[in-house]
Amino acid sequence: MSGIALYHWEPNANSGKPMLALMEKGVSFDSHYIDMLQFDQHKPGYLAINPQGTIPAMTHSGAWGTRVLTESTAIMEYVNEEFAGPALMPADPRDRWRIRWWMKFMDQWLGPSFSMIGWNVFVGPMVRQRDPAELDAAIERIPLPERRVAWRKAISGQFGEAEMAESRRRVALGIGLLEQELGKRAYVGSDQYSLADINIFNSTYSLPLSQPDLAGKDRTPNIMRWLKRVYQREAVQKTWAMGRTDLAHRYSLIMEGID
Amino acid sequence: MGAVLYHGEPNGASLTVLAALAEAGAETGGEAALGITCRPIDLLAGERHRIPGLSERVALDMGIEGEGPVLVIDGEAMTESVFLAQYIDELAGGAGLQPADSHAHWEMMMWCRQITERLSPAAALLGNLASSQAEIAAIGAADFAGITASIPSDDLRQRWQALHDGTIDAAQVADSEAKVAQAVARCEGQLADGRDWLMGVYSIADIVTFSWLAGMELLRPEAFAAAPKTTAWLARVQARPAVAAALARATVSEPLRAWAPGPEINRWG
Ligand SMILES: N[C@@H](CCC(=O)N[C@@H](CS)C(=O)NCC(=O)O)C(=O)O
């Protein structure tokens, strides 16, 4: 037993990162599915693990007791360093710098724009039909004030035109930069499959479907080649099998269509 | 060709990298042993956007910490001060700035991420309002247009523009003050068990946190009034020979009051 328990939602974005990193390392873990659309992440059981009420979180139990780890990208670095198995960071310091740079670019610049769009078109509409009083109570339980604001906007469809336009600008620009990067190197930031690929794959595999005007065989051949190569990894298949919605399955159909 | 570190006054992101370099240099027998030459530039004159001889510039053009230092190696521009500090430590073969234990290392990376995501933008906003804003507002129209035209990132350009036009509102200032107070409270909590350094051993977490918080002690002393452990820790960091050496590179009398447009305030919780 590895002593690892992972609290995650669907295999994508932040939840997908530690799921796939653990799979790549061959580390077995107890999976605790946190249904974000049922607000499981704000319920007392989960808040006892991560008082911030965000996912993912990972616990690692052993002789030292139980460690709680948060921040998905930092969790991946921990998984890579703590366990044997294939190295998910190259040895060269400059490659390592470039990998960390791209992960930050995704986590703090491009990713938030993907999220805003995703919450506007998907998360909000999914949750909106429920009883307003019940939703209000759910929002009141959210620990982080900025997440409370995001949920309110998503549920009432109140993202502003300016902020949505800014998110769309960033998505278009970011996809272009990733396309250029993957024209220079086989993988993101280096010639070796690494944490950067795991990170960015989890936020971009849906692009051919969600942003067909920006990403696809003709517009972004380097991205498509790379998506397919990562998609074919056994660890991705195993990770996607852990999803409970048809999210991952729908994307697998797209991947099969890329040659 | 050797590597060149282009940096501003030793404060914020520039201080982080200069202090890490001095620390690693001391371990390995001088910065020259790492092949890195330091070159000061005037960030408020827009010099960071006119670095010559770059063949790979995405990290400079799209870096998200604002006007931070740039390390140039073989024409590739490298940015983001925490990762440059890690790079320098790793280039030196492990200069002791990152804990070897994977859990302690995770804690350091998680801490640095949260500092750069929450404290850095807040400190940069307050610092710029107090110091660089007047300087930026005084730049002549033609020169300012030249600077903004040389900045590829729309969002960084907007942060320069907001300082120039004086459009930062009271709510943003209050939010930044709250984030500085939270960072101080967090340090005080971390140091509560009497430890000398944030992660137990001295690490990049101390360097990064000091780099953004030391200037706040000058600007918002009231935020530190109930945090004696944090102020003692700030003094301890400042007394380290490598930090003192980094601060001694200043071309102004009070580098901890020197700021340039920084990272953006988180736009999605
Ligand atoms: N920086 C954190 C962010 C975690 C985060 O915000 N996760 C989102 C899901 S991808 C979340 O928990 N949202 C639920 C909510 O806001 O209620 C990480 O990378 O782990």
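Because the structure is predicted, anything quoted here is derived from the model rather than measured. Residue positions are counted from 1 within each chain, in the order its sequence is given. Each chain gets a letter, beginning with A, and each ligand a number, beginning with 1, in the order they are written. Restriction of local features to residues with pLDDT of at least 70 applies here, the model being predicted, together with a cutoff of 80 or more for giving and counting side-chain atom pairs; totals for whole chains, interfaces and linings are based on all residues. Hydrogens and water molecules were not included; the side-chain quantities draw on all heavy atoms of the structure.

### Some remarks on unusual backbone geometry
Leaving glycine out, the prevailing phi sign among residues is negative, and the prevailing peptide bond configuration is trans. Residues and elements named next belong to chain A. Following I55, the chain continues into P56 via a peptide bond in cis, with omega recorded as 5°. In this structure, P56 sits in the loop between helix 2 (44-47) and strand 3 (57-62). Residues other than glycine seldom take positive phi values, yet A13 does so here, at roughly 40°. Runs of H or I in DSSP of at least four residues are treated as helices and runs of E of at least two as strands, each being numbered from the N terminus. Locating A13 in the fold gives a position in helix 1 (residues 13-25). Positive phi, normally seen in glycine, also occurs at E71, with a value near 70°. Here E71 shows up in the loop between strand 4 (65-69) and helix 3 (72-82). By relative accessible area, which is 17% here, E71 ends up buried. A 1.4 Å probe rolled over the protein chains alone gives each residue an accessible area, and that area as a share of the maximum for its type sets the label: buried under 20%, exposed over 50%, partly exposed in between.

### Topic: the environment of R148 of chain A
Residue and element names in this part refer to chain A. Within the element layout of this structure, R148 appears in helix 6 (residues 145-156). Residue R148 is classed as partly exposed on the basis of its relative accessible area, which comes to 26%. A sequence separation of 104 residues divides R148 from P44, and the C-alpha atoms of the two residues are 17 Å apart. Working rule for contacts: check all heavy atoms of both residues, and any pair within 4.5 Å makes them a contact. Ignoring anything within four residues of it in the chain, the contact list for R148 reads I139, I142 and P143. Polar contact is defined as a pair of N or O atoms within 3.5 Å, subject to the rule that within protein one atom must be able to donate a hydrogen and the other to accept it, and that residues adjacent in sequence are counted only when both atoms are side-chain atoms. For R148, the side chain forms a polar contact with the main-chain oxygen of I142, separated by 3.0 Å.

### Looking at the domain arrangement of chain A
Residue and element names in this part refer to chain A. For the domain bounds, the source is a domain assignment made automatically or taken from a database. The assigned domain composition of chain A is domain 1 (3-82) and domain 2 (93-257). With centres defined by C-alpha atoms, the gap from domain 1 to domain 2 works out at 18 Å. Contact with domain 1, which involves 31 residues of that partner, is made by 38 residues of domain 2. The term buried area means the drop in 1.4 Å probe accessible area that two parts suffer when joined, counted for both and summed. Contact between domain 1 and domain 2 buries roughly 2,900 Å² in total, counting both sides, with carbon and sulfur atoms accounting for 69%. The term salt bridge refers to a side-chain nitrogen of Lys or Arg lying within 4 Å of a carboxyl oxygen of Asp or Glu. Where domain 1 packs against domain 2, one counts three salt bridges. Linking E77 and R100 is a salt bridge whose minimum nitrogen-to-oxygen distance equals 3.1 Å. Here domain 1 and domain 2 share twelve residue pairs in polar contact (both at pLDDT 80 or more) between them. Elements supplying a minimum of two residues to the side of domain 1 that touches domain 2: helix 1, strand 2 (30-33) and helix 3. Per-element accounting of the side of domain 1 that touches domain 2 gives the leading share, eight residues, to helix 1. Residues are sorted three ways: Asp, Glu, Lys and Arg are charged, Ala, Val, Leu, Ile, Met, Phe, Trp, Tyr, Cys and Pro are nonpolar, and all the rest, Gly among them, are polar. Looking at the side of domain 1 that touches domain 2 residue by residue, the class counts come to 15 nonpolar, twelve polar and four charged.

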